[in-house]
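# Chain and residue survey
Residues per chain are reported as follows:
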Amino acid sequence: MKHTFPGATRALTAPVSLLVAAIWIALPAQAQQASQRPVSPQQRATAQQVAAAGVPVSALAPNAPEAYTVRRGDTLWGISGKFLKSAWRWPELWGMNLQDIRNPHLIYPGQQLYLERVGDRAFLRARKGTDGQEGDTVRVSPRNRVEVLGGGPLPTLAPHLIEPFLAEPLVVDDDTFKRAPRIVALAERDRVLVGKGDRAYVRGPADAPLLSAPGLPTEFRVFRTAKPLKDPVSGEILGYEGQYVGQAHLVRGESESEEVLAPSYDPPRTPAAGERMSEPPTEADARRNLLPVPATIDVVSSKEEMRAGDRLLPEPPREYRSYVPHAPDIPVDARVVSIYGDSVRFAGKNQIVVINKGLRDGIENGQVLSLQSTGGHVADKTERSRPLMKLPDERNGIAMVFRPFDRVAYVLVMEAARPVAVGDKLTEPR
């Protein structure tokens, strides 16, 4: 997105920063609001401590560059990983240049950084500005055009990794799905499936019909039968995951139609011996009846073709999310509930898993968790009785929470040495 504004004439002297936009006042209001996410006291304290002392050289990545120029499309995760062994430890990276970095949610292409080692400590410094002079302070002139990357907030991850999953997964209780409006018929009666551009008809429950009126939703997501998410430890159903099939727009709400219905009448036939035939109905026998008229929807997009029985739930407000990776402030003992996707048994890097902890357990966006492969049960073949053993759990990689619900959360696998399976553990990183 690009935003133009009348250029100011005065020059601005400021330290070059890694994560601050060139001219903050020019950012659109939504971008400003989205990027003003609070930094936790613990994160800020860590950053302030590192700003004064730097980080141990041992914490640097083995191939940490001596200099790096921030590029368009960079992410906080990617830049952190260039300098530090643990990419998610952004407070250290931020703290290494705390005076320059006022907001860790924005990134400014074109800025150049260099790594400075002092004894056994390391610092990140601004090296060169737009005037080509060495030093920590450069002269920056306001520009007529400011480009906001990713709508303003710092993209911690490459957006394409999680954007599809922000719309698709939906976890609700079973009753919510049962009471959601359902597709009951298609405009073309000879078809059983509809896709983008097609029309279908929908009805809600008797006590909550799908109506069209000011203030009521008109945009909907369409889901198929809900899949139960079962806790692998307790066996409890934590919620139901709907299978996302597309989006629809409400054209007309439900109504009623008064119809004149003639009573049923058997056609004439030869009566059996002694049988008395019914008389044909007269106009006075006809009765008036109110018949329901379903709502009308148009399919706006479809991941899969829709069919009768699919359910509609209102489109939620668009969210401007900024995923800043950080360690949880509380201990975490979670398990993988399911692997997202049809007929998928294992997950690897950049794939999605569901865990059995959610908002009520303190899980939130951006939390980084350590993945551990669960040790299996094997027989000790060195003994004649072959007793069973439980192999130890092994560290497998890291994952980041990007969409928590009340009792479950969707997590992106960032690194994995081995396939991730249902039942694997996730804990706070140590």
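These numbers come from a predicted model, not from an experiment.

### Details of the overall build of the chain
A count of helical and extended segments in the chain gives six helices and 25 strands. Contacts in the chain between residues at least 24 apart in sequence constitute 74% of all its contacts with a sequence separation of at least 6. Total accessible area computed for the chain in this model is approximately 23500 Å², and 50% of it derives from carbon and sulfur atoms.

### Some remarks on the sheet that holds strand S18 (residues 333-339)
Taken together, six strands build a closed barrel; the order of strands is S18-S19-S24-S23-S20-S25 and the barrel is antiparallel. Each strand of the sheet is rotated relative to its neighbour by a mean of 45 degrees, with strand direction disregarded. Here strand S19 (residues 352-355) runs beside strand S24 (residues 409-416); their pairing, made up of four bridges, is antiparallel. Considered in S24, the bridge of Ile 355 is made with Ala 409.

### Brief notes about a nonpolar patch on the surface
The grouping of Val 378, Met 389 and Leu 391 at the surface amounts to a nonpolar patch, some 200 Å² of accessible area in total. Note on Leu 391: relative accessible area 38%, which makes it partly exposed.

### Regarding the pattern of salt bridges
In this structure the tally under the stated criterion is 14 salt bridges. Salt-bridge contacts for Arg 199 lead to Asp 298; the nearest nitrogen and oxygen are separated by 2.8 Å. Taken together, the positions of Arg 199 in strand S11 (residues 199-203) and Asp 298 in strand S16 (residues 295-302) put the pair 99 residues apart, joining distant regions of the chain. Classification of Arg 199 by relative accessible area gives partly exposed; the value is 30%. Classification of Asp 298 by relative accessible area gives partly exposed; the value is 23%. Of the charged contacts, one joins Lys 425 and Asp 393 as a salt bridge, the two residues approaching to 2.9 Å between their closest N and O atoms. Of this pair, Lys 425 sits in strand S25 (residues 425-427) while Asp 393 is found in the loop between strand S22 (388-390) and strand S23 (394-404), placing the two residues 32 residues apart along the sequence. Exposure remark for Asp 393: the relative accessible area of 22% places this residue in the partly exposed category. Here the salt bridges share partners, and the residues they tie into one network are Glu 188, Arg 191 and Asp 198.

### Quick word on the packing of aromatic side chains
With the rule as written, the count across this model stands at four aromatic pairs. Both rings, one in Tyr 340 and one in Tyr 410, keep their centres 6.0 Å apart while their planes meet at 80 degrees; by these two values the pair is edge-to-face. Placement of Tyr 340 in the loop between S18 and S19 and of Tyr 410 in strand S24 is noted, with a sequence separation of 70 residues between them. In terms of burial, Tyr 340 and Tyr 410 fall into one category: buried. An angle of 70 degrees between the planes, with centres 5.9 Å apart, marks the rings of Phe 405 and Tyr 410 as edge-to-face.

### Points about the nonpolar core
General note: in soluble globular proteins, nonpolar side chains tend to be found buried as a group. The biggest cluster of nonpolar side chains holds 19 residues, and the ones touching the most others in it are Trp 77, Val 408 and Tyr 410. If near-sequence neighbours (up to four positions away) are discounted, Val 408 is found in contact with Val 171, Leu 229, Leu 238, Val 354, Ile 355, Lys 357 and Gly 358. Residues Ile 339, Ala 399, Val 401 and Val 420 belong to the second largest nonpolar core, which totals 17 residues.

### Points about the pairing of S18
On any regular strand, side chains alternate: one points to one face of the sheet, the next to the other face. Most of S18 sits out of view: five of its seven residues are buried. Pairing of S18 with S25 involves three bridges; the strand directions are antiparallel. The residue bridging Ala 334 from the neighbouring strand is Leu 426, located in S25. Where S18 lies against S19, three bridges are found, and the strand directions are antiparallel. Across the sheet, the residue bridging to Ser 338 is Val 354, located in S19.

Definitions and limits used
- Residues numbered from 1 in each chain as written.
- Predicted model: local features only at pLDDT ≥ 70, side-chain atom pairs only at ≥ 80, totals over all residues.
- Heavy atoms only, no water.
- Helix = DSSP H or I, 4+ residues; strand = E, 2+ residues; numbered from the N terminus.
- Contact = heavy atoms within 4.5 Å.
- Areas by Shrake-Rupley, 256 points an atom, 1.4 Å probe, with all protein chains shown as cover.
- Pairing = 2+ DSSP bridges.
- Axes fitted to C-alpha atoms, helices over the stretch in contact; angles between N-to-C directions.
- Patch = residues over 30% accessible without salt bridge, like charges linked within 9 Å, V, L, I, M, F, W, Y side chains within 5 Å.
- Salt bridge = Lys/Arg side-chain N within 4 Å of Asp/Glu carboxyl O.
- Buried < 20%, exposed > 50% of the residue type's maximum accessible area, 1.4 Å probe, protein only.
- Phe/Tyr/Trp six-rings, centres within 6.5 Å; stacked < 30°, edge-to-face > 60°.
- Core = buried A, V, L, I, M, F, W, Y, C linked by side-chain atoms within 4.5 Å.

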